[in-house]
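# Summary of the model geometry
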Amino acid sequence: VNGNPDLNLQLRANDVINVPIDSSINIYVLGEIMHPGSVQFRRSQTPTLLQALSSAGGPTDRASNRVVLKRVVGGSEKTFQYDFRKIIDGRQNDVVLMDGDRLIVRESFF
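### Remarks on the overall build of the protein
Counting its regular elements, the protein contains two helices and five strands. Reading the helices (α) and strands (β) of the protein from amino to carboxyl end gives β-β-α-β-β-α-β. Taking the principal axes of the C-alpha coordinates as reference, the protein spans close to 70 × 30 × 25 Å. Across the 110 residues in the protein, those meeting the buried criterion constitute 28%. Long-range pairs, those at least 24 residues apart, make up 55% of the contacts in the protein with a sequence separation of at least 6.

So, in structure tokens, the structure goes:
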């Protein structure tokens, strides 16, 4: 850790070392997006809304700024709305996504 040799553990015969598997998570990106569908990340990547949109090819030219996030929390579905352009501009914090989250990019009507 941070190159500190004092934190190294000495191993002995018959010691067992478990290395956790970095599991994958799926985010579903739908609506006015270039390549709608599932995007996959490693759990250790801590994927964000902008990363998911980018991985799906970005918004189409008909996309609005509004992105709806649907997430199951405690057995019930919650809906959140974000403006991805505000996130890009730094006026709003990017959102960390979880396995099974669904992002819906709405169509702009003007």
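### Side note on a nonpolar patch on the surface
There is a patch of nonpolar side chains on the surface, built from Leu11, Ile17 and Val19 and spanning about 340 Å² of accessible area. Turning to its location among the elements, Leu11 is positioned in the segment before β1 (24–31). With relative accessibility at 56%, the residue Leu11 sits in the exposed group.

### Details of the pattern of salt bridges
Oppositely charged side chains can pair when the atoms bearing their charge come close. Going through the model one piece at a time under the given rule, you end up with five salt bridges. Its salt-bridge partner being Asp101, residue Arg71 comes within 2.7 Å of it at the nearest N-O pair. You can see Arg71 sitting in strand β3 (residues 63–73) and its partner Asp101 sitting in the loop between α2 (84–89) and β5 (102–107), a full 30 residues away along the chain. The class for Arg71 is buried, based on a relative accessible area of 14%. The shortest N-O distance in the salt bridge between Arg102 and Glu77 comes to 2.0 Å. With Arg102 in strand β5 and Glu77 in strand β4 (residues 76–83), this residue pair connects regions lying 25 residues apart in the sequence. For Arg102, a relative accessible area of 27% translates into the label partly exposed.

### Overview of the pairing of β4
In this sheet, β4 lies alongside β3 in antiparallel orientation, the contact comprising eight bridges. Note on β4: the bridge partner recorded for Arg66 is Asp83. Hairpin connection between β3 and β4: a loop of two residues separates the two successive antiparallel strands, and Gly74 in this loop has a positive phi of roughly 60°.

Conventions adopted
- Residues numbered from 1 in each chain as written.
- Predicted model: local features only at pLDDT ≥ 70, side-chain atom pairs only at ≥ 80, totals over all residues.
- Heavy atoms only, no water.
- Helix = DSSP H or I, 4+ residues; strand = E, 2+ residues; numbered from the N terminus.
- Buried < 20%, exposed > 50% of the residue type's maximum accessible area, 1.4 Å probe, protein only.
- Contact = heavy atoms within 4.5 Å.
- Patch = residues over 30% accessible without salt bridge, like charges linked within 9 Å, V, L, I, M, F, W, Y side chains within 5 Å.
- Areas by Shrake-Rupley, 256 points an atom, 1.4 Å probe, with all protein chains shown as cover.
- Salt bridge = Lys/Arg side-chain N within 4 Å of Asp/Glu carboxyl O.
- Pairing = 2+ DSSP bridges.

Geometric values such as these leave the question of function open.
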